[in-house]
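Letter by letter, the chains look like this.
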Amino acid sequence: MSGRHSLKQTSDAAIAPLIPALQAAVQSPGAPPELQVRLRGNILHVLYQSAVPLERNRTLLALVRSLLEDETREQLAKEFPQIYQIYVYNRQPQQAQPTWTAPLYLNRLERHLEQLVGDADRPGDPDKADDSFSAIVLSNLSLARQGNPDAIARYLSEILSTLDVGVRVSARVIPSRAKRVQTITASDDEDDLVGLDPSPDLISRLKISCEASYSPDPLMIAEPVAERLRGLQLTQFQDAVITIHVRGETASDWRLRVDLTPPTEMLREWARWGDLAALERLTNQTLAEWKQTAELELKDTTLHVVCHRSSNFGPKPIPERDPEQSPPVAALADLLQQLAPQGLHRAMLYGPASDRINPDWLKCLVLPAEQHPALAKDTLELARRGDLSAIAYCLTRHLNPDLDEQLATGGIRVQLLLKQGLLHVMTDGPVCPPKQGVVPLVTEYVEEFRWPHLEGLRIYGRRAGQTQPIWSYGSDFKQRQRLVPEAAPEFAASDVYLGDLIAPVEAEPLRPEVTGRDLQAALWRLLRQAAEEIQQALQQTQLFTPAETASGVSIPLPKALRMKPATAIAWGTIGLLLTLQIDWTLARLLRPTAAAVKIQSAPRLAERPKAGTSKTAADEVADGFLAKPAGSNVTSSAIDDAELIYSPQQGFISTSALLAESPFPNFNSKQLNEKLALYSQRVAESGPPDVLVIGSSRALRGVDPAALRQALARVGNDDISVFNFGVNGATAQVVDLVIRQLIPPEQLPRLVIWADGARAFNSGREDITFNSIAVSEGYQELQAGLLAKPAADSAKIEPLLGIARQVTRRYQQVDQSLSQALGQLAATYGQRQAAKALLNEAYAVSTAGLSATPEIDPEAPGELLTGLPSETSMIDFDGFLPLSIRFNPATYYQEYVRVSGAYDSDYKAFRLEGKQSAALEQLLDYAQTQQLPIVFVNTPLTDEYLDPIRSEAEQSFNRYMFNVAGSTSGFLYRDLGQVWTQRYEYFSDPSHLNRYGAYQVSNQLAQDPLIPWPSSE
């Protein structure tokens, strides 16, 4: 087939419009070369495969001329603005390595053309051709160092594109809202804050937006990007903020701040504290102009600088015996006077030794520390006396032993706060500093000096740019009397604004700190007080008498509180009549409201398809269990209610503590690591769950275990435990791995609810999530049979679970019976939903404006690093991610780009047959051997998401899943994909449900009579 450029032979269907131009530009003797293209991040990789090797310069020249044509340039600028570079390869069939490669920068095509035309005049000189491309690369690097945002984006894309991460860069100048902070310490007394620049300033910030089809691990991106940015030495920017977005997600995945302080400024800051390594580097930089180097040695308060003449520079100069006339001496004296090193009083300068024994000259310099008392004490002595700035420097150098690494990436930064006797130490870096490495070093250093006024130590760690710590550690040196101490103080995400440094001293505490004995005593006092009040209240009813004291004498009730039996009966009768009167009055008031609601909702329940339309199989299945049969006891859903309903908020988990205690190795997916640890903990505490919800982010956000548990209880399935094992980006391969290999057979649930959609079964795209897991340490141990899976002691757990379930079920039966019996006597019992709606409406009106959430401008300088909770920090104990965000198409696309299915990598080269379908077959075979029923739920999508490309994929997926369900026992398929295409209030974005939608889905599933729900034991 001539000119192969069909979509089948390309690895990226989204860039199909470019293929004809790329194919037509290159010709070869004989058959035209085969073309393969692949878009990774901002780099388009183009492979020409030919029987005869293509001539490099001629091929590149033709390709550059084709790209410079007006039509092609306009197409690139309009349809593919994200492509910064084209990397061209040529190889022969059956050849593993390419014959040659060459990069083409789209912003330098004219320069490429000039170089290629010049190289054509010098045939047979490949070295000069390589030099021309190197010159263009250096030209791009020069533009990046000048602060050009496009050049910086292209420079970063060279490393990020290998991870399939796209880059966009913008530079912003932020007006200063406060004085710039040049110190990283603070104390209780605001007067102690030093190092402020009194002049207002403009802060230049580099904003870098990265987009990927998955959630990249910060460990893979943070340090390489920080090192590359700092290597540019962008002196015109204060810092850079990197934001990672996952395609299709509403909120950013995570943020990173990179300090762009030039290495020379960092060295000068440390040299002011007398840092010998920093002083030596600055000295060598100064002497480089005269082809000299220096060695530094510190003895007491004197700095000895021994200069050497480099042997690599020309003939040996005539020695200078007068140091006053030596330019290096003047330069070094000026440098040391400017630095004014702490604790260094003198400097002895030794000139180069012409005879390698005696220096040519000798000079003694008196440094500022000799004349200024504030500089007289060395840094270590200041730290012993409790100087926070000196302590911060010492800790920074202890935590950054490798000076080169710290200058390259910014290293670990230390912020200190002394407040109410506690020393708070915040550490951050491009990667969150490890707790096991930071805590021992900081604790050992602080305990060595143990200042008298210090009562305790608090250490925190976070990634640069976050406002909240990822981990924390506390140690008390003295017994603290506060029962409810202050919350952990807020440290600024950057040192730009003083106002962001600490929380106000008068701020109220937000959470208690457990302090053992004192807290226990306080609780006992509260309990005794509450018991005395209850005792007095019971005695007033005349139904109880006081208990005898230890001496045998009863405690009499005061006369003022005594009541005669007749008086008690009278008051009781009045209270009963008043209760009946209120119930009757409220029932009359609610009757018109209930009638109005019934009349208004009736037409909606009676809607039928319009004439000329036909129902699909999915519609018939949905109608079979969404509608409430007449006379049935199945609870109707809240889909037609005017209000949004959600289950009560469950407690959030501490992901750091969870991972710290996890028995599993790393699987290169933080969320998978957390879910494995949480599931293992749940199994150890209460045994395997009855129902396991699994899938991608559509399962993580789309099925609420608490709502499902409550809905099942309403239809008679009591005591059903549910756990959500949703993991972002999970495909069929990932689900198969979790159920078939990671969860031991004895820990499997009794039913699996697999909630996802068509894109999880696309075998035509690269499965990035599974591929990342496949190269992890945990997966390697699993394949080698070395992975230790924690097993629950079912022999001990099952009897306890049986007793607990029986007690719970008996209590619920008694409670339900009493409620129904009392409800029959109350006139408002049948209208309790209307009463609830009325009270909610009144409460909403009364609190309007109090709970309004202020709009946050993402471009505002003070709100760029807000430290909003990440997804993992919002997962509850059932594994569910409850999001309250409501999708609004009118405003959503003002902030986020509308991505059509043709350009969605999840639907790229959509094909069901392949590795994903094979994983499904393996999982179903395993489920049959374990007698484990699986129900696949195609979760709802909006019409904003279901464009023609995605709709076609959904139809193919539905046909495929119905065929699999019809031919496989123990497998059921339920299609809810188009149930609520315009109920936007149920969605957090076009393709993900929020907590309100998850509540509705959970209720619909509980009412489905075809799902084999496990019975309570």
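Residues numbered from 1 in each chain as written. Predicted model: local features only at pLDDT ≥ 70, side-chain atom pairs only at ≥ 80, totals over all residues. Heavy atoms only, no water.

### Description of the overall build of the protein chain
Phase 1: Scanning the protein chain for helices and strands turns up 30 helices and 24 strands.
Phase 2: Expressed as a percentage of its 1017 residues, the buried residues of the protein chain come to 47%.
Phase 3: For the protein chain, the exposed area adds up to about 51,600 Å²; of that, 54% sits on carbon and sulfur atoms. (Helix = DSSP H or I, 4+ residues; strand = E, 2+ residues; numbered from the N terminus. Buried < 20%, exposed > 50% of the residue type's maximum accessible area, 1.4 Å probe, protein only. Areas by Shrake-Rupley, 256 points an atom, 1.4 Å probe, with all protein chains shown as cover.)

### Focus on a negative patch on the surface
Phase 1: Negative charge collects at one region of the surface, where E69, D70, E71 and E74 lie side by side.
Phase 2: Within the fold, E71 resides in helix α3 (residues 70-79).
Phase 3: By relative accessible area, E71 is classed as exposed at 67%. (Patch = residues over 30% accessible without salt bridge, like charges linked within 9 Å, V, L, I, M, F, W, Y side chains within 5 Å. Salt bridge = Lys/Arg side-chain N within 4 Å of Asp/Glu carboxyl O. Lys, Arg positive; Asp, Glu negative; His and termini not counted. Charge placed at Lys NZ, Arg CZ, Asp CG, Glu CD.)

### Quick look at the packing of aromatic side chains
Phase 1: Counted by the stated rule, this structure contains 22 aromatic pairs.
Phase 2: Their ring planes at 25° and their centres at 6.1 Å tell us that Y907 and F910 sit as a pair that is stacked.
Phase 3: Note on F962 and Y973: the rings are 5.0 Å apart at their centroids and 90° apart in plane angle, and the pair reads as edge-to-face. Residue F962 is located in helix α29 (residues 948-967), and its partner Y973 is located in strand β22 (residues 971-975); the two are separated by eleven residues in the primary sequence.
Phase 4: F962 gets classed as partly exposed once you look at its relative accessible area, which sits at 26%.
Phase 5: Judged by its relative accessible area of 2%, Y973 falls in the buried class.
Phase 6: Ring pairs connect the aromatic residues W754, F761, F936, F957, F962 and Y973, which therefore count as one cluster.
Phase 7: It is R397 that lies over the ring of W270; its NZ or CZ is 5.5 Å from the centre.
Phase 8: Sitting above the plane of the Y893 ring, R898 keeps its charged end 3.8 Å from the centroid. (Phe/Tyr/Trp six-rings, centres within 6.5 Å; stacked < 30°, edge-to-face > 60°. Lys NZ or Arg CZ within 6 Å of the ring centre and 35° of its normal.)

### Notes on the packing of helix α8 (residues 263-271) against helix α9 (residues 276-287)
Phase 1: Relative orientation of the contacting elements α8 and α9 amounts to 125°, with a least axis distance of 8 Å. With respect to each other, α8 and α9 are oriented oblique. Relative to α9, α8 is oriented so that their crossing is left-handed. Contacts from T264, L267, R268, W270 and A271 in α8 reach A278, L279, R281, L282 and Q285 in α9. (Axes fitted to C-alpha atoms, helices over the stretch in contact; angles between N-to-C directions. Parallel < 35°, antiparallel > 145°, perpendicular 65-115°, else oblique. Left-handed = near helix turned anticlockwise from the far one by under 90°. Contact = heavy atoms within 4.5 Å.)

### A word on the pairing of strand β20 (residues 751-756)
Phase 1: With six of six residues buried, β20 lies mostly within the body of the structure.
Phase 2: Residues of β20 alternate between two faces, with L751, I753 and A755 on one and V752, W754 and D756 on the opposite face, all of them buried.
Phase 3: Summarising the sheet, strand β18 (residues 691-695) and β20 pair through five bridges and their orientation is parallel. Counterpart to G695 in the pairing with β20 is A755. (Pairing = 2+ DSSP bridges.)

### Let's talk about a nonpolar patch on the surface
Phase 1: A cluster of nonpolar side chains, namely L576, L577 and L580, defines an oily patch on the protein surface of about 310 Å² accessible area.
Phase 2: Note that L580 resides in helix α16 (residues 565-605).

### Considerations on the pattern of salt bridges
Phase 1: Applying the stated criterion to the full structure yields 25 salt bridges.
Phase 2: Here D404 makes a salt bridge to R281, at a shortest N to O gap of 2.6 Å. With a gap of 123 residues between them, D404 in helix α13 (residues 403-409) and R281 in helix α9 connect regions that are remote in the sequence.
Phase 3: Judged by relative accessible area, D404 falls into the partly exposed class, the value being 45%.
Phase 4: Given a relative accessible area of 30%, R281 falls into the partly exposed group.
Phase 5: Measuring nitrogen to oxygen at the nearest pair gives 2.7 Å for the salt bridge that ties R740 to D736.

### What to know about unusual backbone geometry
Phase 1: In the Ramachandran plot, N668 falls in the positive-phi region, its phi being about 60° despite a non-glycine side chain.
Phase 2: One can find N668 in the loop between α18 (655-660) and α19 (670-686).
Phase 3: When its relative accessible area of 30% is taken as the criterion, N668 is described as partly exposed.
Phase 4: A positive phi is found at A909, a non-glycine position, where the angle reads about 45°.
Phase 5: With relative accessibility at 33%, the residue A909 sits in the partly exposed group.

### Some details on the sheet that holds strand β3 (residues 85-91)
Phase 1: Taken in spatial order, the four strands line up as β1-β2-β3-β4 in an open sheet, and their pairing is mixed. Strand pairing shows two members of the sheet lacking a second neighbour, β1 (34-40) and β4 (100-105), which therefore form its edges. Across this sheet, the average inter-strand angle for adjacent strands is 20°, counted without regard to direction.
Phase 2: Relative to β3, strand β2 (residues 43-49) runs parallel, the two sharing seven bridges. Paired with Y48 across the two strands is N90, which belongs to β3.
Phase 3: On the sheet, helix α2 (residues 56-67) packs against β2, β3 and β4 and is oriented at approximately 25° with respect to β4.

### Digging into the environment of G41
Phase 1: Of note, G41 is situated in the loop between β1 and β2.
Phase 2: Of the residues examined, G41 reaches a relative accessible area of 8% and is grouped as buried.
Phase 3: Sequence separation between G41 and L160 is 119 residues; the distance between their C-alpha atoms is 6.8 Å.

### Details of the sheet that holds strand β13 (residues 362-366)
Phase 1: Strand order across the open sheet formed by four strands is β10-β11-β12-β13, with mixed pairing between neighbours. Pairing within the sheet leaves two strands with one partner each, and these edge strands are β10 (292-299) and β13. Taken over all neighbouring pairs, the strand axes of this sheet differ in orientation by 20° on average, direction set aside.
Phase 2: Where strand β12 (residues 346-350) lies against β13, five bridges are found, and the strand directions are antiparallel. Bridge assignment links M348 to a residue of β13, and that residue is C364.

### Overview of the side chain of N717
Phase 1: Here N717 shows up in the loop between α21 (705-714) and β19 (722-726).
Phase 2: Taking the relative accessible area as the measure of exposure, N717 reaches 19% and is therefore buried.
Phase 3: The contacts of N717, once residues within four sequence positions are left out, are L712, W1013 and P1014.

### Things to note about the packing of helix α28 (residues 915-929) against α29
Phase 1: Taken N-terminus to C-terminus, the directions of α28 and α29 make an angle of 25°; their axes are 13 Å apart at the nearest point. By the angle class used here, α28 and α29 are roughly parallel. In the packing of α28 onto α29, the handedness of the crossing is right-handed. Note on element contacts: α29 touches α28 through Y960, M961 and V964, opposite S917, L920 and L924.
Phase 2: Split into classes, the residues belonging to the contact of α28 with α29 amount to five nonpolar, one polar and no charged. (Nonpolar A, V, L, I, M, F, W, Y, C, P; charged D, E, K, R; others polar.)

### Re α9
Phase 1: For α9, built from twelve residues, the straight-helix expectation of 16 Å at 1.5 Å per residue is met to within 8% by its first-to-last C-alpha distance of 16 Å.
Phase 2: Where α9 is concerned, the buried positions are A278, L279, L282, T283, T286 and L287. For α9, the angular spread of buried residues about the axis comes to 160°, placing them on one side.
Phase 3: Check the buried side of α9 and you find it contacts α8, β10, β11 (302-309) and α10 (327-339). (Expected span 1.5 Å × (residues − 1). Arc of directions from axis to C-beta.)

### A word on helix α12 (residues 388-399)
Phase 1: Taking 1.5 Å of rise per residue, the twelve residues of α12 would be expected to cover 16 Å, and the 16 Å separating its terminal C-alpha atoms lies within 8% of that figure.
Phase 2: Within α12, eleven of the twelve residues are buried, which leaves it mostly tucked inside the rest of the structure.
Phase 3: L388, S389, A390, I391, A392, Y393, C394, L395, T396, R397 and L399 are the residues of α12 that are buried.
Phase 4: If you check the start of α12, you find a side-chain oxygen 3.1 Å away from the backbone N of S389, and it comes from D387. (Polar contact = N/O pair within 3.5 Å; in protein donor to acceptor, adjacent residues only side chain to side chain.)

### Section: the pairing of β10
Phase 1: Summarising the sheet, β10 and β11 pair through eight bridges and their orientation is antiparallel. From the neighbouring strand, Q292 faces β11, where its bridge partner is R309.

### Thoughts on the environment of L700
Phase 1: As for its position among the elements, L700 is in helix α20 (residues 697-702).
Phase 2: Separated by 182 residues in sequence, L700 and P882 place their C-alpha atoms 8.7 Å apart.

Just distances and angles here, no functional claims.
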